[in-house]
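Chain by chain, the residues:
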Amino acid sequence: MTRHPWLPALALGVAAVAGTAQAADGAKIFQLQCKTCHGAKSSPMAPSLAGVAGRKIASLADFAYSTGLKGKDGTWTDANLDAYLASPSKFAPGTRMTAGVVSAPDRTAVIGYLKTLK
Ligand code: HEC
């Protein structure tokens, strides 16, 4: 994965959000913590998350998944999404996605947002 010069600015944005006492905003979390890699279409950097809720794990034909994620059975249920985001490498050892979402309310919010991506 390549580093981008604007990542520090992004990290500052995340810190600012974490510092507020507002209800977790899934769209904002996605904007700040996921969109760097996950675009509307799959790219070499990450698979598209459009329609990911309920989809079979690691099932897009246009993305070369790690064997770690490919080896997982099942679909992206709320529980699987929550477990993957809580600790990607614990859910799927060898996965190429390393960053998760530490806060449980933030995970719930961003999973809710994923369901709106068609
Ligand atoms: C640094 C880049 C990066 C960031 C940031 C990132 N991801 Fe990922 N994500 C990936 C990669 C790469 C994969 C594929 C992993 C593999 O093949 O093991 C992936 C896979 C996924 C999958 C499984 C998709 C599928 O088709 O099975 C989900 C769900 C997901 N990411 C959600 C998220 C969410 C939600 C966020 C933000 C909280 C996020 N990701 C942030 C790189 C990233």
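None of the values given here were measured: they were computed from a predicted structure.

Reading the values: rules and limits
- Residues numbered from 1 in each chain as written.
- Predicted model: local features only at pLDDT ≥ 70, side-chain atom pairs only at ≥ 80, totals over all residues.
- Heavy atoms only, no water.
- Donors = N, O, S within 2.8 Å, 3.2 Å for Na, K, Ca; no water.
- Tetrahedral: all angles 85-135°; square planar, octahedral: opposite > 155°, others 65-115°.
- Helix = DSSP H or I, 4+ residues; strand = E, 2+ residues; numbered from the N terminus.
- Buried < 20%, exposed > 50% of the residue type's maximum accessible area, 1.4 Å probe, protein only.
- Core = buried A, V, L, I, M, F, W, Y, C linked by side-chain atoms within 4.5 Å.
- Contact = heavy atoms within 4.5 Å.
- Polar contact = N/O pair within 3.5 Å; in protein donor to acceptor, adjacent residues only side chain to side chain.
- Lys, Arg positive; Asp, Glu negative; His and termini not counted.
- Salt bridge = Lys/Arg side-chain N within 4 Å of Asp/Glu carboxyl O.
- Near = heavy atom within 4 Å.

Draft legend 1. Broad picture of the coordination of the iron atom of the ligand. Every protein donor of the iron atom of the ligand is accounted for by His38 (NE2) and Met97 (SD), and the metal-donor separations fall at 2.0 Å. For the iron atom of the ligand, the 6 donor atoms in the first shell make angles of 88 to 179° at the metal, so the coordination geometry reads as octahedral. Separated by 59 residues along the polypeptide, His38 in the loop between helix H2 (26–33) and helix H3 (67–70) and Met97 in the loop between helix H5 (88–91) and helix H6 (104–114) bring together distant segments of the chain. A relative accessible area of 10% means that His38 is categorised as buried. Under the relative-accessibility criterion, Met97 is labelled partly exposed at 23%.

Draft legend 2. The nonpolar core, seen in detail. In this structure, Phe30, Leu69, Trp76 and Leu114 are the most contacted members of the largest nonpolar core, which totals 21 residues. Every element with two or more residues in this core is listed here: H2, helix H4 (78–86) and H6. Counting residues per element, this core draws most heavily on H6, which supplies 4 residues. The contact partners of Leu69, leaving out residues within four places of it in the chain, are Ile57, Ala58, Trp76, Tyr84, Ala92 and Thr95.

Draft legend 3. Spotlight on H2. All buried positions along H2 are accounted for by Gly26, Ile29, Phe30 and Leu32. N-cap assignment for H2: the residue whose side-chain oxygen lies 3.1 Å from the backbone N of Ala27 is Asp25.

Draft legend 4. Region of interest: the side chain of Arg55. Tracing the backbone shows Arg55 in the loop between H2 and H3. There is no salt bridge for the buried Arg55, and the closest opposite charge comes from Asp62, which lies 7.3 Å off by N-O distance. Of the polar contacts made by the side chain of Arg55, one reaches the backbone oxygen of Ser48; its length is 2.9 Å. Those residues in contact with Arg55 that lie beyond four places of it in its chain are Ser48, Leu49, Ala50, Leu60, Tyr65, Thr75 and Trp76.

Draft legend 5. Structural view of the environment of Ser42. Mapped onto the elements of the fold, Ser42 is located in the loop between H2 and H3. For the pair Ser42 and Phe63, spaced 21 residues apart in the sequence, the C-alpha separation amounts to 6.4 Å. Here the side chain of Ser42 touches Ser48 through a polar contact of 2.9 Å, landing on its backbone nitrogen. A polar contact is formed between the side chain of Ser42 and the side chain of Asp62, at a distance of 2.8 Å.

Draft legend 6. Spotlight on the site of the ligand. Neighbouring residues of the ligand: 25 residues in total, closest Cys34, Cys37, His38, Ser66 and Met97. One of the side-chain nitrogen or oxygen atoms of Ser66 is found 2.5 Å away from an oxygen atom of the ligand. The dominant element in the shell around the ligand, judged by the number of residues it contributes, is H4, at 3 residues.

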